[in-house]
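# Examination of the molecular architecture
Spelled out from the first residue to the last, the chains are:
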Amino acid sequence: MSELVTAADGIDISRPRWDQDTFSGRARHFFVVTNPLNLLKSSQQLDHARDVISKYKKGDIVSGLTKGELWRQKYIYDSAFHPDTGEKMTLIGRMSAQVPMNMTITGCMMTFYKTTPAVIFWQWINQSFNAIVNYTNRSGDQPIPVNQLGISYVCATGGALVTALGLNATVKNLPPLFGRFVPFAAVAAANCINIPMMRRRELNEGIPVFTPEGERLGDSVVAAKRAIPMVVFSRIAMCIPGMSLPPLLMDRLERRGTLLRRFPWANAPIQVTLCGLCLLFATPLCCAIFPQQSSIPFDSLEPHLQRAAASKGLGSAGDRVSFNKGL
């Protein structure tokens with residue numbers, strides 16, 4: 001795609017390049033967005049992408065810009081800037097940081113799970129990282145109060161620790177393989193606590209909903225109650241391959257004993273590498289389970305938003321409004 005961009009092309013960069021009504025289109029989109037190589041982009045490259053995209057949205061096309069380059073700059077921009085606020089996101093909170101950060105943390109959680117200090121340390125590290133990711137990828141343009149951040153963080157960390165330490169005590173007399181799945185149970189429990197708590201304000205005040213033309217109607221609690229379970233489900237599903245396949249393989253290697261007996265230091269690197277391979281595919285595929293810009297029927301909204309929708313010409317059976325579910 002080397003043709004130069006012209007005003008007549010009408011390329012809509014407010015939407016992803018691929019059809020988001022299909023799982024394959026969403027998967028292709030997220031394989032690009034979650035590409036860890038995006039983390040290597042310099043501040044100058046990110047600012048250049050923002051400049052190109054901002055000018056294009058205003059109808060000012062950069063000289064010599066090709067269609068392929070426009071899409072490339074769009075995805076560089078999307079990888080680093082929040083879709084609702086437009087602010088540059090914290091480096092480790094970006095979706096492109098999910099694979100390198102999670103492979104390291106998850107690999108270590110599954111390696112050092114037998115002692116209480118190790119469980120406490122790695123669950124604390126994991127929930128600290130999750131808090132940053134949840135805040136960075138929140139839906140809407142309202143800041144999250146500091147006290148809400150603190151409460152969410154403490155509750156999620158506490159939930160993960162109670163689950164991990166409680167299950168560790170329970171599985172002591174069971175085959176070692178059961179103990180290897182304790183970190184996954186702790187992570188799943190923490191996600192069920194952390195994400196709703198971190199986004200509690202959205203559950204109370206709502207998230208922005210838009211007409212099919214992109215005009216904001218207002219904030220909907222109904223939309224928030226649909227968005228947050230989608231994110232929780234996707235996050236837990238994202239963990240399953242990397243926290244279930246490596247334990248099975250490591251248990252088999254440990255029972256055979258040859259490799260890990262000769263090279264005991266290889267335990268953590270092997271688990272981190274296996275987690276990385278799983279997450280490289282699980283991250284974009286699980287982000288793609290639900291559309292980023294999801295929708296609900298307008299008649300499911302709160303009455304005042306239904307009236308606002310009707311004033312915009314919505315009212316026929318099947319009319320829907322959209323919202324950013326967050327990641």
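Just so it is clear, the structure is predicted and the values come from calculations on it, not from any experiment.

On to the packing of aromatic side chains, then. Per the stated rule, a full pass over the model turns up six aromatic pairs. Centroid distance Tyr77 to Phe81: 4.8 Å. Interplanar angle 15°. Geometry classified as stacked. Each member of the pair Tyr77 and Phe81 is classed as buried. Ring geometry for Phe121 and Trp124: centres 6.1 Å apart, planes at 55°, overall tilted. Within this pair, Phe121 and its partner Trp124 are both found in helix 5 (residues 116-136), separated by three residues, close to a single helical turn.

Tallied over the entire structure, the rule returns seven salt bridges. Of the charged contacts, one joins Lys88 and Asp47 as a salt bridge, the two residues approaching to 3.6 Å between their closest N and O atoms. Linking Lys88 in the loop between helix 3 (67-80) and helix 4 (98-111) with Asp47 in helix 2 (residues 43-57), this pair joins segments that are 41 residues apart in sequence. Look at Asp47 and you get partly exposed, because its relative accessible area is 31%. Here Asp219 ties to Arg216 by a salt bridge, and the two come within 2.7 Å at their closest N and O atoms. We classify Arg216 as partly exposed; its relative accessible area is 36%. Residues participating in the shared-partner salt-bridge network are Asp47, Arg50 and Lys88.

We now examine a nonpolar patch on the surface. On the surface, Phe23, Phe31, Leu280, Phe281 and Leu285 cluster together into a nonpolar patch covering about 430 Å² of accessible area. When residues of the nonpolar patch are traced back to their parent elements, those giving at least two are helix 1 (23-33) and helix 12 (267-287). No other element matches the three residues that helix 12 contributes to the nonpolar patch. Along the chain, the position of Leu280 falls in helix 12. Residue Leu280 is classed as partly exposed on the basis of its relative accessible area, which comes to 38%.

Take the nonpolar core next. Ile11, Ile13, Phe30, Leu70 and Cys287 are the most contacted members of the largest nonpolar core, which totals 26 residues. Contributing elements (two or more residues each) for this core: helix 1, helix 2, helix 3, helix 10 (221-256) and helix 12. Among the nonpolar cores identified, the runner-up in size contains 16 residues, and Leu217, Ala227, Leu314 and Val321 belong to it.

For helix 10, which comprises 36 residues, the first-to-last C-alpha distance of 54 Å matches the rise-based estimate of 52 Å (1.5 Å per residue) to within 8%. Within helix 10, the axis deviates most sharply at Ile240, by approximately 30°, and proline Pro241 lies no more than four positions further along. For helix 10, the N-terminal capping position is held by Ser220, with its side-chain oxygen 3.3 Å away from the main-chain nitrogen of Val222.

This part takes up helix 13 (residues 303-311). Turning to helix 13, its buried residues number three or more, namely Leu305, Ala308 and Ala309. Projected down its long axis, helix 13 shows its buried positions confined to an angular sector of 100°, all on one face. More than 90 degrees from the buried face of helix 13, the exposed residues found are Pro303, Arg307 and Ser311. In this structure, the buried side of helix 13 is in contact with strand 1 (207-210) and strand 2 (216-220). Where helix 13 ends, the next residue or the one after it, Gly313, has phi of about 95°, a positive value.

Turning our eyes to something else, we now look at the confidence of the model for the chain. On average, residues of the chain carry a pLDDT of 82, and 93% of them reach 70 or more. No element of the chain has a lower mean pLDDT than helix 11 (residues 258-262), which averages 70, and none a higher one than helix 1, which averages 90.

With that settled, the discussion passes to the pairing of strand 1. The pairing of strand 1 with strand 2 spans four bridges and is antiparallel. When the bridges of strand 2 are listed, Phe210 appears paired with Arg216. Following strand 1, the chain reverses through five residues before pairing antiparallel with strand 2; Gly214 in that reversal takes a positive phi of roughly 90°.

Turning next to the environment of Thr136. Mapped onto the elements, Thr136 comes out in helix 5. Thr136 sits 186 residues away from Ser322 along the chain, and the two C-alpha atoms are 21 Å apart.

We now examine the environment of Ile120. When you line up the elements, Ile120 lands in helix 5. The partly exposed category is assigned to Ile120, whose relative accessible area is 37%. Sequence separation between Ile120 and Leu161 is 41 residues, and the spatial gap between their C-alpha atoms is 6.4 Å. Not counting the four nearest positions on each side in its chain, Ile120 is found in contact with Leu161 and Leu165.

What counts, and at which threshold
Residues numbered from 1 in each chain as written. Predicted model: local features only at pLDDT ≥ 70, side-chain atom pairs only at ≥ 80, totals over all residues. Heavy atoms only, no water. Phe/Tyr/Trp six-rings, centres within 6.5 Å; stacked < 30°, edge-to-face > 60°. Buried < 20%, exposed > 50% of the residue type's maximum accessible area, 1.4 Å probe, protein only. Helix = DSSP H or I, 4+ residues; strand = E, 2+ residues; numbered from the N terminus. Salt bridge = Lys/Arg side-chain N within 4 Å of Asp/Glu carboxyl O. Patch = residues over 30% accessible without salt bridge, like charges linked within 9 Å, V, L, I, M, F, W, Y side chains within 5 Å. Areas by Shrake-Rupley, 256 points an atom, 1.4 Å probe, with all protein chains shown as cover. Core = buried A, V, L, I, M, F, W, Y, C linked by side-chain atoms within 4.5 Å. Expected span 1.5 Å × (residues − 1). Bend = angle between axes of the 7 residues up to and from the residue. Polar contact = N/O pair within 3.5 Å; in protein donor to acceptor, adjacent residues only side chain to side chain. Arc of directions from axis to C-beta. Contact = heavy atoms within 4.5 Å. pLDDT = per-residue confidence, 0-100. Pairing = 2+ DSSP bridges.

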